[in-house]
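Residues per chain, in single letters:
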Amino acid sequence: MAATVNGNEVTVADVEALVNKPDDVELTKAEFADYLSFNIILDVFSAQAESEFGISFTDEEIAAEADELLAAQLTEGQTREEFLELNEITEQLVLNVAHQSLIQTAILEELGGSLPDPTQEEVDAFFEEASLMVCGSHILVETEAEAQDVVARLGAGEEFGAVAAEVSIDGSADSGGDLGCADPSQYVPEFSEALATAEVGIPTAPVESEFGFHVILLREDELPTEEQAITNLNSQAAQQATNDWFLETASAAEVEVNEKFGTWQTEPSPEVVPPAE
């Protein structure tokens, strides 16, 4: 027995059924604790969702969700079996992830549907915060010479996002350099100052920071309408209510973990803490 959840056993076999490692490779204590945590959390949430809201899913619904989740993860030409083998996981883990995803979505809809609309004060505060934000993109390279080459390419008419996707060395390259909209104070000073003086739609000269050299594009994104603000605030409130529900549910559960595999905690997040190596 690896653990009990409200009196129901979670066995070692239940945990091992999620993993597809070579026969001569054992799970580390930390890995076992992670997979055990997942099993415990799914058991807790699925039982509470059904007892409190009548939320449950058939095997067919879970399998269909698993198919969608896997389809979104497969690279071009990759088979389902290749993906599972590469990640050392089993179909059972994918089904469990799908089941948890369905529960989270259902709880979000259940709790979100019962929340009141935001007050006018909350809407006003949303717009006040939004007005402080700037929307920008950048291309990050290692040297000033590379940055000057980027400026030249943009000046010759190449599209900013395409150049970013090709040469930018940070994660924003995947989205064409898009950094979203944020308070500029969150950036390093050099970047923040360049944003403050940039002209909308015109790439800046190279800007040096501790990360390298940036070419920055200030975008003119419109503020949301009041209807969009209310939708956004409702979504935030529903997500917070859902997070609170999950934490309260996990905290109220009676969970006992075999000390061989670790100890159960709910703060700062529900998980099994593995024993010392």
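Right above here is the structure, for reference.
The rules we used
- Residues numbered from 1 in each chain as written.
- Predicted model: local features only at pLDDT ≥ 70, side-chain atom pairs only at ≥ 80, totals over all residues.
- Heavy atoms only, no water.
- Core = buried A, V, L, I, M, F, W, Y, C linked by side-chain atoms within 4.5 Å.
- Buried < 20%, exposed > 50% of the residue type's maximum accessible area, 1.4 Å probe, protein only.
- Helix = DSSP H or I, 4+ residues; strand = E, 2+ residues; numbered from the N terminus.
- Pairing = 2+ DSSP bridges.
- Axes fitted to C-alpha atoms, helices over the stretch in contact; angles between N-to-C directions.
- Contact = heavy atoms within 4.5 Å.

Caption draft 1: Structural context of the nonpolar core. Ranked by size, the top nonpolar core spans 42 residues in total, and within it Leu36, Ile40, Phe45 and Val257 carry the most contacts. Those elements that provide at least two residues to this core are β1 (3-5), α2 (29-53), α3 (59-73), α4 (80-87), α5 (91-112), α10 (226-252) and β7 (255-257). Per-element accounting of this core gives the leading share, eleven residues, to α2.

Caption draft 2: Highlighting the sheet that holds β1. With antiparallel pairing, the three strands of this open sheet are ordered in space as β2-β1-β7. Edge strands, defined here as strands with exactly one partner in the open sheet, are β2 (8-10) and β7. On average, each strand axis in the sheet is tilted by 20 degrees relative to the strand beside it, whichever way the strands run. Relative to β7, β1 is paired through three bridges, and the arrangement is antiparallel. If you follow Thr4 over to β7, its bridge partner there is Glu256. Relative to β1, α2 is tilted by about 15 degrees, and along the sheet it contacts β1, β2 and β7.

Caption draft 3: Up close: unusual backbone geometry. Geometrically, the link from Glu267 to Pro268 is a cis peptide bond, its omega value of 0 degrees lying close to zero. Along the chain, Pro268 falls in the loop between β8 (263-265) and β9 (271-273). Here the phi dihedral of Asn6 falls at roughly 50 degrees; this positive angle occurs in a residue that is not glycine. When you line up the elements, Asn6 lands in the loop between β1 and β2. Given a relative accessible area of 42%, Asn6 falls into the partly exposed group.

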